[in-house]
Amino acid sequence: MNQPTTILYTDANFFSPYAMSAFITLSEKNIPFKTVPVDLSRGEHLGAAFADISLTHRVPTLIHNGFALTESSAIDEYLEELFPQPPVYPRDLQLRAKAREVQAWLRSDLLPIRAERPTEAVFNGGKFAALSTEAQAAAQKLFTAANRLLVHGQEHLFGEWCIADSDLALMLNRLVMHGDAVPEHLQRYAQQQWQRPSLQAWLALSR
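Owing to the predicted nature of the structure, the values given are computational and were not obtained by experimental measurement.

Engineer: Could you give an account of the side chain of Gln-193, with specific residues and numbers?
Structural biologist: Following the sequence through the fold, Gln-193 ends up in helix α9 (residues 184-193). On the accessibility criterion, Gln-193 (2% relative accessible area) is buried. Contacts of Gln-193, omitting those with residues within four sequence positions, involve Glu-155, His-156, Trp-161, Asp-165, Ala-169 and Leu-199.

Engineer: Kindly report on the sheet that holds strand β2 (residues 34-38), identifying the contributing residues and their values.
Structural biologist: One open sheet accounts for 4 strands, arranged β2-β1-β3-β4; its pairing is mixed. The open sheet terminates on both sides in strands that have one partner only, identified here as β2 and β4 (67-70). Here the strands of the sheet are splayed against their neighbours by 20° on average, with no regard to which way each runs. Where strand β1 (residues 6-11) and β2 come together, 5 bridges link them in parallel fashion. Bridging across to β2, Thr-10 finds its partner in Pro-37. Running over the sheet, helix α1 (residues 17-28) touches β1, β2 and β3 (61-64) and is turned about 150° from β1. Strands β3 and β4 of the sheet are contacted by helix α3 (residues 72-82), whose axis makes an angle of about 135° with β4.

Engineer: A description of the UniProt feature "domain: GST N-terminal" (unreviewed entry) in the protein chain should follow, citing residues and the corresponding values.
Structural biologist: The UniProt record marks residues 6-87 with the feature "domain: GST N-terminal" (unreviewed entry), using the residue numbering of this structure. Within residues 6-87, the helical portion is 33% and the strand portion 23%, while the C-alpha atoms at the span's ends are 18 Å from each other.

Engineer: Go over the environment of Gly-47, please, and point to the residues and values.
Structural biologist: By secondary structure assignment, the location of Gly-47 is in the loop between β2 and α2 (48-51). Each C-alpha atom of the pair Gly-47 and His-185 lies 44 Å from the other, and the pair is 138 residues apart in sequence.

Engineer: Describe the packing of aromatic side chains, listing the residues and the values that go with them.
Structural biologist: Considering all chains together, one arrives at 7 aromatic pairs under this definition. Their ring planes at 80° and their centres at 5.4 Å tell us that Phe-23 and Phe-33 sit as a pair that is edge-to-face. Pair noted here: Phe-23 is in helix α1 and Phe-33 is in the loop between α1 and β2, with a separation of 10 residues, a long-range link. The interplanar angle of 20° and the centroid separation of 6.4 Å between the aromatic rings of Phe-123 and Trp-194 together place this pair among those described as stacked. Of this pair, Phe-123 sits in helix α6 (residues 120-123) while Trp-194 is found in the loop between α9 and α10 (197-206), placing the two residues 71 residues apart along the sequence. A network of ring pairs unites the aromatic residues Phe-14, Phe-23, Phe-33 and Trp-202 as a single cluster. Stacked on the ring of Tyr-89, the Lys or Arg Arg-100 has its end atom at 5.2 Å from the ring centre. Here Arg-196 stacks its cationic end above the ring of Trp-161, 4.2 Å away from the centre of that ring.

Engineer: Which residues make up the nonpolar core, and what values do they have?
Structural biologist: In terms of nonpolar packing, the biggest core is built from 54 residues, with Phe-123, Leu-142 and Trp-194 touching the most fellow members. Listing elements by their share of this core, those giving two or more residues are α1, α3, α4 (93-108), α6, α7 (133-149), α8 (163-176), α9 and α10. With 9 residues, the top contributor of residues to this core is α8. The residue makeup of this core includes at least three contributed by each of domain 1 (6-87) and domain 2 (93-196). Those residues within four positions of Leu-142 in sequence are excluded, and the remaining contacts are Trp-105, Leu-106, Leu-110, Ile-113, Leu-168, Met-171, Leu-172 and Leu-175.

Scoring rules and cut-offs
- Residues numbered from 1 in each chain as written.
- Predicted model: local features only at pLDDT ≥ 70, side-chain atom pairs only at ≥ 80, totals over all residues.
- Heavy atoms only, no water.
- Helix = DSSP H or I, 4+ residues; strand = E, 2+ residues; numbered from the N terminus.
- Buried < 20%, exposed > 50% of the residue type's maximum accessible area, 1.4 Å probe, protein only.
- Contact = heavy atoms within 4.5 Å.
- Pairing = 2+ DSSP bridges.
- Axes fitted to C-alpha atoms, helices over the stretch in contact; angles between N-to-C directions.
- UniProt positions renumbered as here; feature names shortened; annotations may be inferred.
- Phe/Tyr/Trp six-rings, centres within 6.5 Å; stacked < 30°, edge-to-face > 60°.
- Lys NZ or Arg CZ within 6 Å of the ring centre and 35° of its normal.
- Core = buried A, V, L, I, M, F, W, Y, C linked by side-chain atoms within 4.5 Å.
- Domains from an automatic or database assignment.

Given below as C-alpha cells:
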C-alpha cells in the first residue's frame, strides 16, 4: 500500500505558532509529509494558486490524499482521528476536552500578548517595547490559568504530553524568551516542553 501524499503548507519564516502545532502533530504521529513554505510577506497566500488549495487563504493548510484542511486545531483533531496512535490528545474524554479548551483559548484570547510579543520574539530573538497595561493584565490571566492547570507542578498538563502542552509553552515563551517576568515554575515548564524532539525539529526549520 502506498503512503498517502501529505503536504503541510507553512509560513516561509516558520514563525507561525499554528503551523508549528500541525507540524508537531504530524511529527509525533510519524506521518511522512512534505513542508511547503508560503511567503506571507509577498502575499502568496492571497494568490489564486493558494486559494485553490486553502479555503481560508491561511497557514497551516494540510493536504492529505487530496483532502485540504485549514486551521491548526482542525488539523490536529483530524490527524488524531485518522491516526489514533500514538495519540497527541489525552485518552480520557474529559481531559481531551480540556486539552481542546486550552487550544481554543490560546487561539482566541490574550491578544495583547500576541500583539506585543509576536513570535519573532520566540523564533528570532526579536526585542519589543515594555508590555502595556493591557498586555500585563493578559499575562496575569495566562499565569493564573497555567497555575490552575499545573497546580501540582507536573511535567505535563494532563499526566502525559499532549499537543496542548506545546501550544501553552509557545504562549508562555513569548514572554520567557523576551525576558519578561514569568513565575519560575512556569518558565521551567515552558523550557522543558521546548526540548521535545518534534518541537526542536520545527525550531531547526526557522534557523
